[in-house]
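Close look at the chain arrangement
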Amino acid sequence: MKEKMIEYTVIYERGETNWGAYIPDLPGCVSIGDTLIEVQENIKEAMAQSARRRRSHCI
């Protein structure tokens, strides 16, 4: 089965000591990291976990 590609907006915020990210269209899909690169990697994993949870509830 071919999966559809969906694009989401990711909001990045720089704090005093770290970075945060969240996806407004995916409640609870948030992440933090020490650097922008780290938070970008972390939010990708958070999004993948969110997709796995959604798929498991649809089956």
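See above for the structure.
Residues numbered from 1 in each chain as written. Predicted model: local features only at pLDDT ≥ 70, side-chain atom pairs only at ≥ 80, totals over all residues. Heavy atoms only, no water.

1. Details of the pattern of salt bridges
A side chain of one charge can pair with a side chain of the opposite charge when the charged atoms of the two come close. Overall, the coordinates contain one salt bridge when judged by the stated rule. Here R52 ties to E45 by a salt bridge, and the two come within 3.1 Å at their closest N and O atoms. (Salt bridge = Lys/Arg side-chain N within 4 Å of Asp/Glu carboxyl O.)

2. Notes on the pairing of strand β2 (residues 19-22)
When strand β1 (residues 11-14) meets β2, the two strands line up antiparallel, connected through four bridges. The partner of E13 across the bridge, within β2, is G20. Linkage of β1 to β2, two consecutive antiparallel strands, is achieved through a turn of four residues. The sheet contact formed by β2 and strand β3 (residues 30-33) spans four bridges and is antiparallel. Note on β3: the bridge partner recorded for A21 is S31. (Pairing = 2+ DSSP bridges. Helix = DSSP H or I, 4+ residues; strand = E, 2+ residues; numbered from the N terminus.)

3. A short note on the layout of surface pockets
Volume-wise, the largest pocket comes out at about 460 Å³. Along the wall of the largest pocket there are 13 residues; nearest its centre are E3, K4, A51, R54 and R55. Tallied by class, residues from the lining of the largest pocket come to seven nonpolar, no polar and six charged. (1 Å grid on protein atoms, 1.4 Å probe; cavity = no way out; pocket = protein on both sides within 12 Å on 5 of 7 lines; lining within 4 Å. Points joined across faces, edges and corners; volume = space filled by probe spheres on them. Nonpolar A, V, L, I, M, F, W, Y, C, P; charged D, E, K, R; others polar.)

4. Topic: the nonpolar core
In terms of nonpolar packing, the biggest core is built from seven residues, these being A21, I23, L26, C29, V39, I43 and A46. For this core, the element with the most residues is helix α1 (residues 36-58), which contributes three residues. For A46, the residues in contact, after removing those within four places along its chain, are C29 and V30. (Core = buried A, V, L, I, M, F, W, Y, C linked by side-chain atoms within 4.5 Å. Buried < 20%, exposed > 50% of the residue type's maximum accessible area, 1.4 Å probe, protein only. Contact = heavy atoms within 4.5 Å.)

5. Overview of the side chain of S31
Locating S31 in the fold gives a position in strand β3. The class of S31 is buried, set by a relative accessible area of 13%.

6. A word on the sheet that holds β2
What the three strands build is an open sheet, ordered β1-β2-β3; its pairing is antiparallel. Two strands bound the open sheet, and with one partner strand each, they are β1 and β3. Taken over all neighbouring pairs, the strand axes of this sheet differ in orientation by 20° on average, direction set aside. (Axes fitted to C-alpha atoms, helices over the stretch in contact; angles between N-to-C directions.)

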